[in-house]
Amino acid sequence: MQLISDPAEMRQWSRTQRAAGHTIGLVPTMGFLHEGHLRLIDNARTKADLVVVSVFVNPTQFGPGEDYSTYPRDLERDRELIRDRGGQCVFAPETADMYGSDPVVMVRAGRLADHLCGPHRAGHFDGVLTIVAKLFNVVEPDVAVFGRKDAQQARIIARMVEDLDFPTEVAVAPTVRERDLVAMSSRNTYLTPDERTAARAIPRSLAQAHSLFLEGKTDSASLTASIRSVLGEEPLVDIEYVEAVDPDSLSPVTTADSDTIVALAVRLGKARLIDNIILGAGVEADEVVG
Ligand code: PAF
């Protein structure tokens, strides 16, 4: 397996592989991989001959006071996990390799960042789009795979590809959950044992909204209120938002249907956790490990 840090070398590797007739799948990550990321690699392997995993903690998507400097990092461990899962190349650039000394131009998420995480993380999605555009330009993948846990991110990236004519297919893979249905996230490592137990309220609240929808409740206000009430039973959970949105425009809907995304963010100790379901599919439609 290759480990490449230089963007020019990365592009050359990809071009050589493509010239030899291979297709390339990219799994963009910020490292500290867990089973959720590894399943994105599995997914990419079904769609492309060779899989590149990028490992880069992207400074432009973190706001002031967020966890950029403390974000967990372990490239050695990531390398082994990627190799064992069948990836062919790890692209792990330094910050200076990606951004140089004075970057000016960025990709903007526009109104797709007006709801959900956008208002709570000013500039976050512009940072995500900018790094993903750069990774696409460096790796030149045929397909790139993202997780549905970051539903807003996946939608905004798909829209960037559409609006800016990137020749890359965007694939979205199911959320991967622990056995107690808490969604896998690198940020779960911030949780104390008590906070980790309290986190179970998150999938429980989403499952309740799914059940209410199946019983015929479609007004978003009642569905989000039921989520707030389940989360409210956990004193350690501090709700940031709960919203029901259209899957394409990401704008709030008053009447939900089976395609509606119901998403939330909470603070739990040092961690900010997000989760979501497609209302008609529920938590059960996601993958559970073990
Ligand atoms: O989802 C992530 O880990 C990041 O937002 C991404 C897509 C790798 C961009 O830095």
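Structure report, in brief. What you see is a predicted model; the values in this text were computed from it and never measured.

## Quick word on the nonpolar core
Side chains of nonpolar character tend, in soluble globular proteins, to be buried together.
Right, so step 1: Core analysis: the biggest nonpolar cluster contains 44 residues, and Met10, Trp13, Val52, Phe91, Val132, Phe136 and Val139 have the highest contact counts within it.
Right, so step 2: If you tally residues by element for this core, the top one is helix 5 (residues 124-139), at 10 residues.
Right, so step 3: Each residue touching Val132, except ones within four places of it in the same chain, is listed here: Phe146, Ile157 and Met160.

## Overview of the site of the ligand
Right, so step 1: All residues adjacent to the ligand are Pro28, Thr29, Met30, Asn58, Gln61, Val128, Ile131, Phe146 and Gln153.
Right, so step 2: In the environment of the ligand, an oxygen atom lies 2.6 Å from a nitrogen or oxygen atom belonging to the side chain of Gln61.
Right, so step 3: Between the ligand and Gln153 there is a distance of 2.7 Å, counted from an oxygen atom to a side-chain nitrogen or oxygen.
Right, so step 4: Protein chains shield 88% of the accessible area of the ligand, which is 290 Å² for the free molecule.
Right, so step 5: Put simply, the parts of the chain that give the shell around the ligand at least two residues each are strand 2 (24-29) and helix 5.
Right, so step 6: Of the residues that constitute the shell around the ligand, the class distribution is 5 nonpolar, 4 polar and no charged.

## What about the packing of helix 1 (residues 7-19) against helix 5?
Right, so step 1: Contact geometry of helix 1 with helix 5 gives a least axis separation of 7 Å together with a crossing angle of 55 degrees. Between helix 1 and helix 5, the interaxial angle falls into the category oblique. Contact residues: Pro7, Met10, Arg11 and Ser14 in helix 1; Asn137, Val138 and Val139 in helix 5.
Right, so step 2: Its residues placed into classes, the contact of helix 1 with helix 5 shows 4 nonpolar, 2 polar and 1 charged.

## Observations regarding the pattern of salt bridges
Right, so step 1: A full pass over the atoms with the stated rule returns 19 salt bridges.
Right, so step 2: Between Asp42 and Arg85 there is a salt bridge, with its nearest N and O atoms 2.9 Å apart. Of this pair, Asp42 sits in helix 2 (residues 35-47) while Arg85 sits in the loop between helix 3 (75-84) and strand 4 (89-91), and the two are 43 residues apart along the sequence.
Right, so step 3: Salt-bridge contacts for Asp180 lead to Arg200; the nearest nitrogen and oxygen are separated by 2.9 Å. Placement of the pair is Asp180 in the loop between strand 7 (176-177) and helix 7 (193-198) and Arg200 in the loop between helix 7 and helix 8 (201-214), with a sequence separation of 20 residues.
Right, so step 4: Given a relative accessible area of 24%, Asp180 falls into the partly exposed group.
Right, so step 5: Classification of Arg200 as partly exposed rests on a relative accessible area of 38%.
Right, so step 6: When salt bridges with common partners are traced through the structure, they connect Glu35, Arg39, Asp42, Arg85 and Glu287 into a single cluster.

## Describing the pairing of strand 2
Right, so step 1: Among the 6 residues in strand 2, 6 count as buried, and that is most of the element.
Right, so step 2: Here strand 2 shows no split at all, with Ile24, Leu26 and Pro28 on one side and Gly25, Val27 and Thr29 on the other all buried.
Right, so step 3: A crossover links strand 2 with its parallel partner strand 3 (residues 50-55), the connecting element being helix 2, and its sense is right-handed.
Right, so step 4: With 2 bridges joining them, strand 2 and strand 5 (residues 143-147) adopt parallel strand pairing. Across the sheet, residue Gly25 finds its bridge partner in strand 5, namely Val143.

## Observations regarding helix 1
Right, so step 1: Over its 13 residues, helix 1 runs 18 Å from end to end, which matches the ideal 18 Å to within 8%, given 1.5 Å per residue.
Right, so step 2: Pro7, Met10, Trp13, Ser14 and Gln17 are the residues of helix 1 that are buried. Around the axis of helix 1, the buried residues are gathered within 120 degrees of arc, so they sit on the same side.
Right, so step 3: Looking one or two places after helix 1, you find Gly21, whose phi comes out positive at around 95 degrees.

About the criteria used
- One numbering rule holds for all chains: residues counted from 1, following each sequence as written.
- Given that this is a predicted model, residues contribute local features only at a pLDDT of at least 70 and side-chain atom pairs are listed and counted only at 80 or more, while totals for whole chains, interfaces and linings are drawn from all residues.
- The basis for the side-chain values is all heavy atoms of the structure; hydrogens and waters are excluded.
- We define the nonpolar core as a collection of buried residues of types Ala, Val, Leu, Ile, Met, Phe, Trp, Tyr and Cys that are connected through side-chain atoms lying within 4.5 Å of one another.
- Think of it in three bands: residues with accessible area under 20% of the maximum for their type are buried, residues over 50% are exposed, and the middle band is partly exposed, with areas taken using a 1.4 Å probe on protein chains only.
- Secondary structure follows DSSP: runs of H or I at least 4 residues long count as helices, runs of E at least 2 residues long count as strands, and numbering of each begins at the N terminus.
- Note on contacts: a residue pair qualifies if any of its non-hydrogen atoms lie within 4.5 Å across the two residues.
- Near, as used in this document, describes a residue that has one of its heavy atoms within 4 Å of the molecule or strand being considered.
- Two N or O atoms form a polar contact when they lie within 3.5 Å of each other; inside protein one atom must be a possible hydrogen donor and the other a possible acceptor, and for residues adjacent in sequence the pair counts only when both atoms belong to side chains.
- Residue burial considers only the protein chains on display, and all accessible areas are found by Shrake-Rupley using a 1.4 Å probe.
- All residues other than Ala, Val, Leu, Ile, Met, Phe, Trp, Tyr, Cys, Pro, Asp, Glu, Lys and Arg, Gly among them, are scored as polar; the first ten of these are nonpolar and the last four charged.
- Axis definition: a line fit to C-alpha positions, over the contact stretch in the case of helices; interaxial angles, taken between N-to-C directions, run 0 to 180 degrees.
- Note on terminology: angles under 35 degrees are roughly parallel, angles over 145 are roughly antiparallel, angles of 65 to 115 are roughly perpendicular, and the others are oblique.
- Salt bridge criterion: a side-chain nitrogen from Lys or Arg within 4 Å of a carboxyl oxygen from Asp or Glu.
- By convention a crossover is right-handed if, when the strands point away from the viewer, the path from the first strand over the helix to the second runs clockwise.
- Here a strand pair is declared whenever DSSP counts at least two bridges between the two strands.
- To estimate the expected span of a helix, subtract one from its residue number and multiply by 1.5 Å.
- The arc under discussion is defined with respect to the helix axis, by the directions toward the C-beta atoms.

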